[in-house]
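Spelled out, the chains give:
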Amino acid sequence: MSRLLRLSVMPVAAVLAAAGVVLAPSAHAQSARYEAENAACEGTIESNYSGFSGSGFCNPPNRVGVGVQFTVHAGSPGTFTIGVKYANGTGINRPAVLSANGTVVQSGVPFEPTGAWSHWAITTVSVPVQSGSNTIRLAAATADGLANIDYLEAARAGSSTLPSRFQWSSTEQLIAPKPDATHNIVSVKDPSVVYHNGRYHVFVSVVNTNQSYSLAYLNFTDWSQADDAQLHFLDTTAIGTGYKAAPQVFYFAPQQRWYLIYQIGNNVAYSTTSDIGNPRSWSSPTRFYSGTPRIVLDNMGNGQWLDFWIICDTVNCHMYSSDDNGQLYRAQTTVANFPNGFSNPVIAMQDSNKFWLFEGVNVYRLGAANEYLLLVEAIGEGRRMFRSWTASSASGPWTPLADTKENPFARHNNVTHEGSDWTNDFSHGEMIRSGIDQNLVISPCKLRFLYQGMNPNSTGPYNLLPWRLGLLRQTNSSC
Ligand code: GCU
Ligand code: CA
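Residues numbered from 1 in each chain as written. Chains lettered and ligands numbered in written order. Predicted model: local features only at pLDDT ≥ 70, side-chain atom pairs only at ≥ 80, totals over all residues. Heavy atoms only, no water.

**Q** I'm lost on the overall build of the chain in this one. Help?
**A** On a plain count of helices and strands, the chain comes out with two helices and 34 strands. Here the C-alpha radius of gyration of the chain, 22 Å, is about what a compact globule of 479 residues would show, namely 23 Å. With the C-alpha coordinates of the chain rotated into their principal frame, the extents come out at 70 × 45 × 45 Å. Taken over 479 residues, the chain has a buried fraction of 58%. When the accessible area of the chain is evaluated, it comes to approximately 17,700 Å², of which 48% is carbon and sulfur surface. For the chain, the distance from the average position of its 30 positive side-chain charges to the average position of its 33 negative side-chain charges is 3 Å. (Helix = DSSP H or I, 4+ residues; strand = E, 2+ residues; numbered from the N terminus. Rg over C-alpha atoms; globule rule 2.2 N^0.38 Å. Buried < 20%, exposed > 50% of the residue type's maximum accessible area, 1.4 Å probe, protein only. Areas by Shrake-Rupley, 256 points an atom, 1.4 Å probe, with all protein chains shown as cover. Lys, Arg positive; Asp, Glu negative; His and termini not counted. Charge placed at Lys NZ, Arg CZ, Asp CG, Glu CD.)

**Q** Please clarify how the site of ligand 1 should be interpreted in this entry.
**A** Ligand 1 sits among Tyr 49, Asn 59, Asn 62, Arg 94, Trp 117 and Asn 148. Tyr 49 is positioned with one of its side-chain polar atoms (N or O) 2.5 Å from an oxygen atom of ligand 1. Between ligand 1 and Asn 59 there is a distance of 3.0 Å, counted from an oxygen atom to a side-chain nitrogen or oxygen. Contact with the protein chains hides 71% of the accessible area of ligand 1, taken as 320 Å² for the molecule alone. Among the residues forming the shell around ligand 1, the class breakdown is two nonpolar, three polar and one charged. (Near = heavy atom within 4 Å. Polar contact = N/O pair within 3.5 Å; in protein donor to acceptor, adjacent residues only side chain to side chain. Nonpolar A, V, L, I, M, F, W, Y, C, P; charged D, E, K, R; others polar.)

**Q** Explain the sheet that holds strand β26 (residues 359–366) to me, please; I cannot follow it from the model alone.
**A** Hydrogen bonding along the main chain pairs the strands of a sheet, whether they run parallel or antiparallel. Overall, mixed pairing links the five strands, which are arranged β29-β28-β27-β26-β32 in an open sheet. Of all strands in the sheet, those with a lone pairing partner are β29 (399–400) and β32 (441–442), marking the two edges. (Pairing = 2+ DSSP bridges.)

**Q** So what exactly am I meant to see when it comes to the packing of aromatic side chains here?
**A** Working definition: an aromatic ring pair is given by the centre-to-centre distance plus the angle between the planes. Enumeration according to the criterion identifies 34 aromatic pairs in this entry. Considering the side-chain rings of Tyr 259 and Tyr 270, the 5.4 Å spacing of their centres and the 50° angle between planes classify their relative orientation as tilted. In this pair, Tyr 259 is assigned in strand β19 (residues 257–264) and Tyr 270 in strand β20 (residues 267–273), connecting sequence segments 11 residues apart. Grouped by ring-pair contacts, the aromatic residues Phe 250, Phe 252, Tyr 259, Tyr 270, Phe 288, Phe 338 and Phe 342 constitute a single cluster. The ring centre of Tyr 151 lies 3.9 Å from the NZ or CZ of Arg 33, which sits over that ring. Positioned above the aromatic ring of Trp 356, the side-chain terminus of Lys 405 is 5.8 Å from the ring centre. (Phe/Tyr/Trp six-rings, centres within 6.5 Å; stacked < 30°, edge-to-face > 60°. Lys NZ or Arg CZ within 6 Å of the ring centre and 35° of its normal.)

**Q** Help me understand the pattern of salt bridges, please; the structure alone is not making it clear to me.
**A** Should the charged atoms of two oppositely charged side chains come close, the side chains can pair. Summed over the entire model, instances satisfying the criterion amount to 13 salt bridges. Among the ionic pairs, Arg 384 bridges to Glu 377, the shortest N-O distance being 2.9 Å. Judged by relative accessible area, Arg 384 falls into the buried class, the value being 8%. Here Arg 411 makes a salt bridge to Glu 381, at a shortest N to O gap of 3.0 Å. In this pair, Arg 411 sits in the loop between β29 and β30 (415–417) while Glu 381 sits in the loop between β27 (372–380) and β28 (383–391), placing the two residues 30 residues apart along the sequence. Here Arg 411 falls in the buried class, since its relative accessible area comes to 6%. Each of Glu 359, Glu 377 and Arg 384 takes part in one network of salt bridges that share partners. (Salt bridge = Lys/Arg side-chain N within 4 Å of Asp/Glu carboxyl O.)

**Q** For this particular structure, what's the right way to read the state of the cysteines?
**A** Two cysteines form a disulfide when their sulfur atoms are joined by a covalent bond. This model, assessed by the stated rule, comprises three disulfides. Cys 41 shares a disulfide with Cys 58; S-S distance 2.1 Å. Taking the torsion about the sulfur-sulfur bond, which here is approximately 80°, the covalent link between Cys 41 and Cys 58 counts as right-handed. Of this pair, Cys 41 sits in strand β3 (residues 40–41) while Cys 58 sits in strand β5 (residues 57–59); the two residues are 17 residues apart in sequence, bridging distant segments of the chain. Here Cys 312 engages in a disulfide with Cys 317; their sulfurs sit 2.2 Å apart. (Disulfide = S-S within 2.5 Å.)

**Q** Which parts of the structure should I look at to understand the nonpolar core?
**A** Here is a general trend for soluble globular proteins: nonpolar side chains tend to be buried in one another's company. Among the nonpolar cores identified, the biggest contains 58 residues, and Ile 310 and Phe 409 are the most heavily contacted of them. Sequence-distant contacts of Ile 310, defined by excluding residues within four places in its chain, comprise Gln 248, Phe 250, Ile 261, Phe 288, Cys 317, His 318, Met 319, Phe 338, Phe 342 and Leu 440. Formed by 32 residues, the second largest nonpolar core is a distinct cluster that contains Tyr 34, Ala 121, Ile 136 and Ala 147. (Core = buried A, V, L, I, M, F, W, Y, C linked by side-chain atoms within 4.5 Å. Contact = heavy atoms within 4.5 Å.)

**Q** What is the right way to read the side chain of Asp 324 from this model?
**A** Relative to the elements of secondary structure, Asp 324 occurs in the loop between β23 (316–322) and β24 (327–334). Buried and unpaired, Asp 324 has Arg 384 as its nearest opposite-charge partner, separated by 6.3 Å. Each residue touching Asp 324, except ones within four places of it in the same chain, is listed here: Gly 303, Gln 304, Leu 306, Lys 354, Phe 358 and Glu 359.

**Q** So what exactly am I meant to see when it comes to the coordination of the calcium ion (ligand 2) here?
**A** Ideal geometry at a metal gives 109.5 degrees between four tetrahedral donors and either 90 or 180 degrees between six octahedral ones. At this site the calcium ion (ligand 2) is bound by Asn 59 (OD1), Pro 60 (O) and Asn 62 (OD1), with donor distances of 2.3 to 3.0 Å. For the calcium ion (ligand 2), the donor residues sit on a single chain with the sequence spacing N-P-x1-N. (Donors = N, O, S within 2.8 Å, 3.2 Å for Na, K, Ca; no water.)

**Q** Please clarify how the sheet that holds strand β15 (residues 199–208) should be interpreted in this entry.
**A** One open sheet accounts for four strands, arranged β14-β15-β16-β17; its pairing is antiparallel. Edge positions in the sheet fall to β14 (185–196) and β17 (232–233), since each of these pairs with one other strand and no more. Where strand β16 (residues 213–220) lies against β17, two bridges are found, and the strand directions are antiparallel. Residue pairing across strands places Ala 216 opposite Phe 233, the latter belonging to β17.

**Q** Hey, could you run me through the side chain of Gln 327 in this one?
**A** With respect to the helices and strands, the residue Gln 327 is situated in strand β24. Gln 327 sits in the buried class, given a relative accessible area of 6%. Polar side-chain contacts of Gln 327 include one of 3.1 Å to the backbone oxygen of Asn 299. Sequence-distant contacts of Gln 327, that is, excluding residues within four places in its chain, are made with Asn 299, Ser 321, Ser 322, Ile 347, Met 349, Gln 350 and Leu 357.

**Q** Even after reading the chapter, I still don't get the pairing of β15, so can you show me in this structure?
**A** In the case of a regular strand, side chains alternate between the two sheet surfaces. Counting buried positions over the 10 residues of β15 gives eight, a clear majority of the element. Pairing of β14 with β15, which is carried by nine bridges, proceeds in the antiparallel orientation. Looking across to β15, one finds that His 196 is bridged to Arg 199. The antiparallel hairpin formed by β14 and β15 contains two residues in its connecting segment, where Asn 197 sits at a positive phi of about 50°. In this sheet, β16 lies alongside β15 in antiparallel orientation, the contact comprising eight bridges. Among the inter-strand pairings, Ser 205 is bridged to a residue of β16, identified as Leu 215. Linking two consecutive strands that pair antiparallel, namely β15 and β16, is a turn of four residues; a positive phi of about 65° is found at Gln 211 within it.

As structure tokens, then:
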């Protein structure tokens, strides 16, 4: 179904109201989202490919100069970082001319292929704005036309999009281990999650009564269905048996393939597939390194090299990891070379108290802003918690955000339970992202974090602890 939108004849205030935009980005405020279905789309608003936000996306006819125009509000003059969420299911770039208030800002804004019309990515541009209303226009630079456009997000350049304190509410446990005849598992742990084609796809570590780790996968449409979803054990696929743990999943748009990154022995490996919904389709493991790098061996003490996390910007891919001994490492390769060519890791952050910078690293890009969020799991007074930092680049340097026991990112003192107090540990997990690709974009509004927790009375060896999954929802979001 498609419909023609004629919002261009509406007064600006009505357009803004229709877009639900009340907060303009200011030095302190969050980013504002403008849906294409509420903008002046010179084509049709369609909804025939999943993954869009709001009620649809703009599909302009494929002609030079045709596009979509947004009205973006600014409290004062300055520079906005504009992120445009789009899909380009063809094999070639569909560049656009971006103008602000009638002046061309950039004549070749890239809208590179996303692999499919239902796969979405965000392209970012810096745009000068004036006080009040600004017309931001995207027009096709070539006869191939524009990509399908879902929304435009605007944030003042250089301002933090997150609050400096966090409050959460936690669900009851949502996902528990489901043993079968050959998988006598006691826990589900270390979740990685993407929302794609109307389903959550969750990859986890599972641990059996012999304390052996392997990977598993489940998908479901809604959190209320999560515990009914079938657990697919990936040791029966080409990923194979033997120690595997701490998966991370993302779609690498330049190669139109899904990647699963995970620990394997003392190394890190990947598998790929073109169909995330088919657990049997993953390729066998390929290791990134020939063995544990020297710098890790020299620093890890009695720890272990573990919890690998990859995030790419437009030029580079960064691999973060930990050693359970106070070091956070980062290695790098180019997007063009990925998955090959990762450098030797360097120490990105260090703490003499190993428990205070322990493991479970996540890095995300925050919406349209050129801002990145780093989370590292710590152990404070015996309980698992998360500390946070931000940076203007995926490689750091990292500035503390909420990183203490008094003001943590997530710890038992800033979480209330919706039901029973089923856990005091907020351990290894992952944010619910707004996209699927290697840029790992999360919206800075109403954060959600899928984590592992456990009954506070549990005892016994670490590898037999009864981890389950629950979801934190941010309750103090101002957007
Ligand atoms: C296909 C696709 C559209 C897209 C168009 C294009 O028709 O279904 O959503 O806009 O290609 O090439 O622009
Ligand atoms: Ca089109």
